[in-house]
Amino acid sequence: LISGNMVGMVASYSIEYFMRSAFWKSHIVKIKSKELEAEYERKSLELESARQIQLAMLPQKQHIPNIDLSVIMKTASEIGGDYFDYHLAEDNNLTFAIGDVTGHGAKAGAMVTAMKILFSNYAADLEITEFLKKANKSIRQLKLPLLYMAFAVGRIKNNQLEIAGVGLPSLI
């Protein structure tokens, strides 16, 4: 009787111990899960903000004499590595750019932002090959790790197209 009682007590206490242990583990998992959900939501909002900034950097549609221009951009993730831009000068010369960064995400977005700044500040004022040289030098100085961009820039001036690119097949 005593040994049966002892076995029952040990079994009862063991079950209680494992039940409490399982309860606390479950409680900790719920807390961690809520923390992870909050972190995921915060990061998702940050990525969406970055996406909105990147989309806002794209050129706004404008009338370009004698040229029909249509563009669309759909990124593979919140922040993409695809880039296009154009600038219409007062003399109706159109300078345009198209590029694709290796990969996607925040690093690719940083490269796109750098190219946007370079294009906006220099492309319309320089010969396109000079612009490519200046942009290449500037990007190299940033020392972005293992990040490359195929890029083409062109200009339509007096009904003639001039285009140059780096990292892209020749234009046919």
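Residues numbered from 1 in each chain as written. Predicted model: local features only at pLDDT ≥ 70, side-chain atom pairs only at ≥ 80, totals over all residues. Heavy atoms only, no water.

A. View of the overall build of the protein chain. Of the regular secondary structure elements, the protein chain holds 3 helices and 4 strands. Radius of gyration (C-alpha) of the protein chain: 29 Å, far over the 16 Å computed for a compact globule of 172 residues. Based on the C-alpha atoms only, the size of the protein chain along its principal axes is roughly 110 × 30 × 30 Å. Put simply, of all contacts in the protein chain between residues at least 6 apart along the chain, 62% involve residues at least 24 apart. Summed over all atoms, the accessible surface of the protein chain reaches about 12700 Å², with 59% contributed by carbon and sulfur. With 19 positive and 18 negative side-chain charges, the protein chain shows a spacing of 8 Å between the two charge centroids. (Helix = DSSP H or I, 4+ residues; strand = E, 2+ residues; numbered from the N terminus. Rg over C-alpha atoms; globule rule 2.2 N^0.38 Å. Contact = heavy atoms within 4.5 Å. Areas by Shrake-Rupley, 256 points an atom, 1.4 Å probe, with all protein chains shown as cover. Lys, Arg positive; Asp, Glu negative; His and termini not counted. Charge placed at Lys NZ, Arg CZ, Asp CG, Glu CD.)

B. Examining the packing of aromatic side chains more closely. Tallied over the full model, the rule gives 5 aromatic pairs. Ring geometry for Phe119 versus Phe131: centroids 6.1 Å apart, planes at 85 degrees, classification edge-to-face. Taken together, the residues span a long stretch of sequence, with Phe119 in helix α2 (residues 106–123) and Phe131 in helix α3 (residues 128–142) at a distance of 12 residues. Taking 6.2 Å as the distance between ring centres and 50 degrees as the angle between the ring planes, the aromatic pair formed by Phe131 and Phe151 counts as tilted. Here the residue Phe131 occupies a position in helix α3, and Phe151 occupies one in strand β3 (residues 149–157), the gap between them amounting to 20 residues. The same class applies to Phe131 as to Phe151, namely buried. Through successive ring pairs, a cluster of aromatic residues spans Tyr83, Phe119, Phe131 and Phe151. Stacked on the ring of Tyr122, the Lys or Arg Lys134 has its end atom at 4.5 Å from the ring centre. (Phe/Tyr/Trp six-rings, centres within 6.5 Å; stacked < 30°, edge-to-face > 60°. Buried < 20%, exposed > 50% of the residue type's maximum accessible area, 1.4 Å probe, protein only. Lys NZ or Arg CZ within 6 Å of the ring centre and 35° of its normal.)

C. Fine view of the sheet that holds strand β1 (residues 82–88). The strand order across the open sheet built from 4 strands is β1-β2-β3-β4, with neighbouring strands paired in antiparallel fashion. Every interior strand has two partners, whereas the edge strands, β1 and β4 (160–166), have only one. For this sheet, the mean inter-axis angle between neighbouring strands, taken without regard to orientation, is 10 degrees. Pairing analysis gives 7 bridges linking β1 to strand β2 (residues 94–101), with the strands arranged antiparallel. Within β2, the residue paired with His87 across the bridge is Thr95. Where α2 meets the sheet, it contacts β1, β2 and β3, and its direction lies at approximately 15 degrees from that of β1. (Pairing = 2+ DSSP bridges. Axes fitted to C-alpha atoms, helices over the stretch in contact; angles between N-to-C directions.)

D. Looking closely at the environment of Ile79. Along the chain, Ile79 falls in the loop between α1 (2–56) and β1. Judged by relative accessible area, which is 10%, Ile79 ranks as buried. Between the C-alpha atom of Ile79 and that of Lys107, which follows or precedes it by 28 residues, the distance is 8.9 Å. Residue contacts for Ile79: discarding those within four places in its chain leaves Leu47, Ala50, Arg51, Gln54, His104, Gly105, Ala106 and Gly109.

E. Spotlight on the confidence of the model for the protein chain. Overall, the prediction assigns the protein chain a mean pLDDT of 85, with 96% of residues at 70 or greater. The weakest mean pLDDT in the protein chain belongs to α1 at 86; the strongest belongs to β3 at 92. (pLDDT = per-residue confidence, 0-100.)

F. Structural context of the layout of surface pockets. Here the largest pocket defines a volume of roughly 380 Å³. If you go around the largest pocket, you meet 15 residues; those closest to its centre are Met111, Asn136, Ile139, Arg140 and Met149. Secondary-structure elements contributing two or more residues to the lining of the largest pocket are α2, α3 and β3. Counting residues per element, the lining of the largest pocket draws most heavily on α3, at 5 residues. Partitioning the lining of the largest pocket into residue classes produces 12 nonpolar, 1 polar and 2 charged. Computed from the structure, the second largest pocket encloses a volume of approximately 290 Å³. Lining the second largest pocket we find 19 residues, and of these Val71, Tyr83, Phe84, Ala97 and Ile98 sit closest to its centre. Those elements that place two or more of their residues in the lining of the second largest pocket are β1, β2 and β3. At 6 residues, the largest contribution of residues to the lining of the second largest pocket is made by β2. A class-by-class count of the residues in the lining of the second largest pocket yields 15 nonpolar, 1 polar and 3 charged. (1 Å grid on protein atoms, 1.4 Å probe; cavity = no way out; pocket = protein on both sides within 12 Å on 5 of 7 lines; lining within 4 Å. Points joined across faces, edges and corners; volume = space filled by probe spheres on them. Nonpolar A, V, L, I, M, F, W, Y, C, P; charged D, E, K, R; others polar.)

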